[in-house]
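Structural overview for review
Letter by letter, the chains look like this.
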Amino acid sequence: MFTEYFQKQSQSLEKALAKKLGKRGVKLPEKEKDLNIYQEFYTFLKDHVPEDYSLATGKVRNKKHLLNRNCDLLIYKKWVPKVLELTGGYILSDALYGFLSIEANLTAAGLGTHASLTRALKSLYVGEKQFEELEPIPMYSMLFAYGSEHSLLFHKQSLMEISQEKEIPVNLEVDLICVMGQGLIIKDWEIAGGYKVVETGDESLMWFYVLLMEYLDRDGRLNYNLRDYIKNNKEYNEY
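Attention now moves to the nonpolar core. Counting 43 residues, the largest nonpolar core has Phe41 and Phe208 as its most contacted members. Those elements giving two or more residues to this core turn out to be α1 (2-23), α2 (39-48), β2 (66-76), β4 (96-103), β5 (140-145), β6 (176-179), β7 (183-188) and α6 (204-216). Per-element accounting of this core gives the leading share, 11 residues, to α6. Setting aside residues up to four positions removed in sequence, Phe208 forms contacts with Phe41, Leu45, Leu100, Met142, Phe144, Leu176, Cys178 and Leu184. Of all hydrophobic cores here, the second largest spans 33 residues; its members include Leu117, Leu159, Val174 and Tyr195.

Structure below.
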């Protein structure tokens, strides 16, 4: 049921992006990301995320500090309908459940940018709260890519090198990377916050969605275990 549905959604998203890239001459702008080419992905998420959550592009702040740069996608819960007017256009970090960077083609540079953004946004969310270094921070960092010229193993290694070079604490690191057609890189707290690669192939969008829903359910209110609805016995390569 879920498998076939998400495979069709994947194909639709890929075709829509290819069409838009074709119209603009294939190359993405180098200086500033044009999020309009990902409109179908935004629509997909809007149609598949529970109504309790709001989606936006924009900036984030906590009580004392702000991140004065736009994020590709923020998933949060509104305090009141006029919240963005009250806060001067900033999403309040306490209301933030997760955020995404979106890439047509995942590169090492894009990965580094997202890792730095992750550290900044998780730090804003933590604020004056107290977290141990090996305690997960329930505001999740995700990167969604339509494809990549490099393997998942290459990006896993790059991610670990970036964290080491920038001295990023384990719980301020990226939580999930999805590359459609290849698979997922998942932060696994059963191995002390290390990274695990799972080659899910053309089922990558489905598993990205399942994990997204689990991340958003930090309050334990959704009451759905989507894994129960996935009726396949496929074994994926993991490393």
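Scanning the entire structure with this criterion turns up 13 salt bridges. In this structure, Asp175 engages Lys122 in a salt bridge whose closest nitrogen and oxygen atoms are separated by 2.9 Å. On the criterion of sequence distance, the pair formed by Asp175 in the loop between α5 (152-166) and β6 and Lys122 in helix α4 (residues 108-126) is long-range, its members being 53 residues apart. Note on Asp175: relative accessible area 5%, which makes it buried. In this structure, a network of salt bridges that share partners links the residues Lys33, Asp72 and Glu103.

We now examine the pairing of strand β1 (residues 54-61). The pairing of β1 with β2 spans 6 bridges and is classified as antiparallel. By the bridge assignment, Gly58 is partnered in β2 with Cys71. In the sheet, β1 pairs with strand β3 (residues 90-92) via 3 bridges, with the strands oriented parallel. Looking across to β3, one finds that Lys59 is bridged to Tyr90.

Okay, unusual backbone geometry next. At Glu167, a residue that is not glycine, the phi angle is positive and equals roughly 55 degrees. Along the chain, the position of Glu167 falls in the loop between α5 and β6.

Attention shifts here to the packing of α1 against α6. Running from N to C, α1 and α6 point in directions that differ by 110 degrees, and their axes come no closer than 8 Å. Comparing their axes, α6 and α1 come out roughly perpendicular. Between α1, through Phe2, Thr3, Phe6, Gln9, Ser10 and Leu13, and α6, the contact on the second element is made entirely by Leu205, Met206 and Tyr209.

Here a ring pair, both rings aromatic, is described through the centre-centre distance and the interplanar angle of the planes. According to the stated counting rule, one finds 14 aromatic pairs in the structure shown. Ring centres of Phe41 and Phe44 lie 6.4 Å apart, and the angle between their planes is 25 degrees; on these two criteria the pair is classed as stacked. In this pair, Phe41 and Phe44 are both assigned in helix α2, 3 residues apart and thus about one turn of the helix distant. There is no split in this pair, since Phe41 and Phe44 are both buried. The ring of Tyr53 has Lys77 sitting right over it, with the charged end atom 4.9 Å from the ring centre. Positioned above the aromatic ring of Tyr195, the side-chain terminus of Lys187 is 4.6 Å from the ring centre.

The rules behind each value
Residues numbered from 1 in each chain as written. Predicted model: local features only at pLDDT ≥ 70, side-chain atom pairs only at ≥ 80, totals over all residues. Heavy atoms only, no water. Core = buried A, V, L, I, M, F, W, Y, C linked by side-chain atoms within 4.5 Å. Buried < 20%, exposed > 50% of the residue type's maximum accessible area, 1.4 Å probe, protein only. Helix = DSSP H or I, 4+ residues; strand = E, 2+ residues; numbered from the N terminus. Contact = heavy atoms within 4.5 Å. Salt bridge = Lys/Arg side-chain N within 4 Å of Asp/Glu carboxyl O. Pairing = 2+ DSSP bridges. Axes fitted to C-alpha atoms, helices over the stretch in contact; angles between N-to-C directions. Parallel < 35°, antiparallel > 145°, perpendicular 65-115°, else oblique. Phe/Tyr/Trp six-rings, centres within 6.5 Å; stacked < 30°, edge-to-face > 60°. Lys NZ or Arg CZ within 6 Å of the ring centre and 35° of its normal.

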